Amino acid sequence: MPSPNIVFIMSDDHAAHAISAYGSKVNETPHLDRLARDGVRMDATYCTNSICSPSRASILTGTYSHVNGVASIFTEIDYRIPTFAEVLRGAGYQTALFGKWHLGERPESAPRDFDAWRVFPGQGQYVDPLMLGPDGAETVPGYATDIVTDQSIEWIRQRDPDRPFLLLVHHKAPHRPWVPDEKHKHLYPVGSIPEPSTLFDDHSTRSQAVRGVRMSVADDLGSDELGENLPDNLRGPENREARMRWKYQRYLRDYLQCVQSIDDNVGRLLDNLEAEGLSENTVVVYTSDQGFFLGDHGWFDKRLMFDESLQMPMLIRWPSVIPAGSTCDAMVTNVDFAATFLEMAGLDASALPASQGRSFLPLLRGDEVPDWPDAMYYRYWEHDDPNHHAPAHYGVRTKEFKLIHYYGAGLGVPGSSERLFASEWELYDLRTDPEELVNVADDPSYADIRSALTERLAELQRHYADLPYDGPDTPRPHWSTADENALEASARYTQRLREQSDA
Ligand SMILES: [Ca+2]
């Protein structure tokens, strides 16, 4: 069989629980569901650092943030660590990238290893976006999700049909600010959207570090993001419950309308592959750079290790290899993607020597893999950032438990603050508490389990050559582009937020 084409569609902040194939209670995504019906639904794909740039760097290089140097949104890709796109291109693949990059735009960090590319600077814009390419910058009229799909379809049309291709389709949607396309503005009207069961989570047993995050839908989601001013009668602590509900409906309406454009455009791309006769030997992947809180626990945004943020949706279709309508509940991470794509292309993982991932292609075929890992390691580095104040933490997730250490230090990561928080732990029993509502870290009946998980966490840190936190003098990894640029950007951002809050 000739090497397959790989179409990797990645959206930004699209949680699995906003896809009907994953049992969404809030929306319908018929075209994404086609992928699940014709391929495999991955039920335990996890992000190793739940935030945009770091996830993208981990996917491209098959490495954790402390290896590739992209620990926060203020760091940039460091090409001393090779990418799977580079390896595939070297093996004869045609390569292209359209959409969000978010790993730097300077010559040192701009996309390379692509025969064609057009990307949004930074987070990008939804309407008439500016796009950068090898020949400079240009404003492209239209709606971002349509544009990225148009560019992808056009590139497929003009490719060399005698060689396999890798196409990265990176949507900006549904990242903030949620700006839907006109044609979806009638969907999911205010008042119609079911609320999550944990919308009013009181966080009573959680760490102080988690209680301090500024990601509350009721209290931290601003009118500028919702595009509508909060009525006066919803202000004040006595109106918090009504305010939560009011903001939740508007937040989800806008978010789900943005998702609907992705769904339409995935359908358009699948139809195009069909029309080109490419469906059979093209791997189509749909994922998002991380999950997102959709009012779960009263929050928006991501960063934390709770499942809504940790889980990445992942649907994969490859008709000649993957059984249609299958599901896979083995734990895989975004660090495993690169090795998997190389194996799909018939290449050895040693082609990417820095990779810390393992190919999960055998799992996709439906093979039993007895020694597949039953635990994953997570680390969030962007400590106490000026906007969300999410604490740095690392942890281990198994099928049954999740242990998290909030160690409370920035360790020089661009975008982190210098404030040190007290060391705190959380433990969740996912067997009895799948919604992660009751922290049992200090419950004596869990002492043995906590002890075993602590050892497991240490093992994983040794395995991935990461250092546990051991006080403010803990050695600091190298942060890519080191960077005057990233540090300056971080300082400018902090200053801007200060000015906004003073104003
Ligand atoms: Ca993201």
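Residues numbered from 1 in each chain as written. Predicted model: local features only at pLDDT ≥ 70, side-chain atom pairs only at ≥ 80, totals over all residues. Heavy atoms only, no water.

Student: I would appreciate a short explanation of the pairing of strand 16 (residues 424-429) in the present structure.
Tutor: Along a regular strand, successive side chains alternate from one face of the sheet to the other. Where burial is concerned, most of strand 16 is hidden: 5 out of the 6 residues are buried. Judged from the 6 bridges that link them, strand 15 (residues 401-406) and strand 16 form a sheet pairing that is antiparallel. Within strand 16, the position partnered with Tyr406 by the bridge is Glu424. (Buried < 20%, exposed > 50% of the residue type's maximum accessible area, 1.4 Å probe, protein only. Helix = DSSP H or I, 4+ residues; strand = E, 2+ residues; numbered from the N terminus. Pairing = 2+ DSSP bridges.)

Student: I tried to follow the packing of helix 1 (residues 30-38) against helix 9 (residues 240-275) on my own but got confused; where do I start?
Tutor: Geometry of a packed helix pair, given as the angle between the helix axes and the separation of the axes. Interhelical geometry of helix 1 versus helix 9 gives an angle of 50° and a closest axis separation of 7 Å. Taken together, the axis directions place helix 1 and helix 9 in an arrangement best described as oblique. Between helix 1 and helix 9, the residues in contact are Pro30, His31, Leu32, Arg34 and Leu35 and Gln260, Asp263, Asp264, Val266, Gly267, Leu270 and Asp271, respectively. Of the residues contributing to the contact of helix 1 with helix 9, the split by class is 5 nonpolar, 3 polar and 4 charged. (Axes fitted to C-alpha atoms, helices over the stretch in contact; angles between N-to-C directions. Parallel < 35°, antiparallel > 145°, perpendicular 65-115°, else oblique. Contact = heavy atoms within 4.5 Å. Nonpolar A, V, L, I, M, F, W, Y, C, P; charged D, E, K, R; others polar.)

Student: Mind showing me how you'd approach the packing of aromatic side chains here?
Tutor: Describing an aromatic ring pair means giving the distance of the ring centres and the angle of the ring planes. Here the structure, examined in full by the defined rule, presents 19 aromatic pairs. Between Phe337 and Phe341 the ring centres are 6.3 Å apart and the planes differ by 55°, which places this aromatic pair in the tilted class. In this pair, Phe337 and Phe341 are both assigned in helix 11 (residues 337-344), 4 residues apart and thus about one turn of the helix distant. Pair check on accessibility: Phe337 and Phe341 agree, each one buried. Taken together, a centroid distance of 4.9 Å and an interplanar angle of 70° make the contact between Trp381 and Trp479 edge-to-face. You can see Trp381 sitting in the loop between strand 13 (375-380) and strand 14 (393-398) and its partner Trp479 sitting in the loop between helix 13 (447-463) and helix 14 (484-502), a full 98 residues away along the chain. With respect to class, Trp381 is no different from Trp479; both count as buried. (Phe/Tyr/Trp six-rings, centres within 6.5 Å; stacked < 30°, edge-to-face > 60°.)

Student: Is there a simple way to explain the coordination of the calcium ion in this structure?
Tutor: Each donor-metal-donor angle in an ideal tetrahedron of four donors is 109.5 degrees, and each such angle in an ideal octahedron of six donors is either 90 or 180 degrees. The protein atoms that coordinate the calcium ion are Asp12 (OD), Asp13 (OD), Cys52 (SG), Asp289 (OD), Asp289 (OD) and Gln290 (OE1), at distances of 2.1 to 2.7 Å. Taken together, the 6 donor atoms surrounding the calcium ion define angles of 52 to 163° at the centre, an arrangement classified as irregular. Donor residues binding the calcium ion come from one chain and are separated in sequence as D-D-x38-C-x236-D-Q. Of this pair, Asp12 sits in the loop between strand 1 (5-11) and helix 1 while Gln290 sits in the loop between strand 9 (282-288) and helix 10 (307-310), and the two are 278 residues apart along the sequence. By relative accessible area, which is 0% here, Asp12 ends up buried. (Donors = N, O, S within 2.8 Å, 3.2 Å for Na, K, Ca; no water. Tetrahedral: all angles 85-135°; square planar, octahedral: opposite > 155°, others 65-115°.)

Student: Where do I start with the sheet that holds strand 14 in this structure?
Tutor: Hydrogen bonds along the backbone pair up the strands of a sheet, which may run parallel or antiparallel. Pairing is antiparallel across the open sheet formed by 4 strands, whose spatial order is 13-14-15-16. The sheet is open, and its two borders are formed by strand 13 and strand 16, each paired with just one other strand. Sheet twist, expressed as the average angle between the axes of neighbouring strands with direction ignored, equals 10°. As paired elements, strand 13 and strand 14 share 6 bridges and run antiparallel to each other. Looking at strand 14, one finds that Tyr378 is bridged to Gly395. Sheet strands touched by helix 13: strand 13, strand 14, strand 15 and strand 16. Its angle to strand 14, the strand with the most contacts, is close to 110°.

Student: I'm lost on the packing of helix 5 (residues 144-157) against helix 9 in this one. Help?
Tutor: In the contact formed by helix 5 and helix 9, the axes pass within 9 Å of each other and the chain directions differ by 10°. The angle between helix 5 and helix 9 falls in the class roughly parallel. When helix 5 is examined against helix 9, the residues Thr145, Asp146, Thr149, Asp150, Ser152, Ile153, Ile156 and Arg157 are found in contact with a partner set consisting of Ser261, Ile262, Asn265, Arg268, Leu269, Asn272 and Leu273. A per-class count over the contact of helix 5 with helix 9 returns 5 nonpolar, 6 polar and 4 charged.

Student: Please explain unusual backbone geometry as it appears in this structure.
Tutor: Residues apart from glycine generally show negative phi values, whereas peptide bonds are mostly found in trans. With omega at -5°, the peptide bond leading from Ala173 into Pro174 counts as cis. Tracing the backbone shows Pro174 in the loop between strand 8 (165-170) and helix 6 (208-211). Of note, the bond from Arg176 into Pro177 is cis; its omega dihedral lies within 30 degrees of zero at -10°. Structurally, Pro177 can be placed in the loop between strand 8 and helix 6. A positive phi angle, close to 60°, is found at His203, a residue other than glycine. Mapped onto the elements of the fold, His203 is located in the loop between strand 8 and helix 6. At Leu411, a position not held by glycine, the phi torsion is positive, near 50°.

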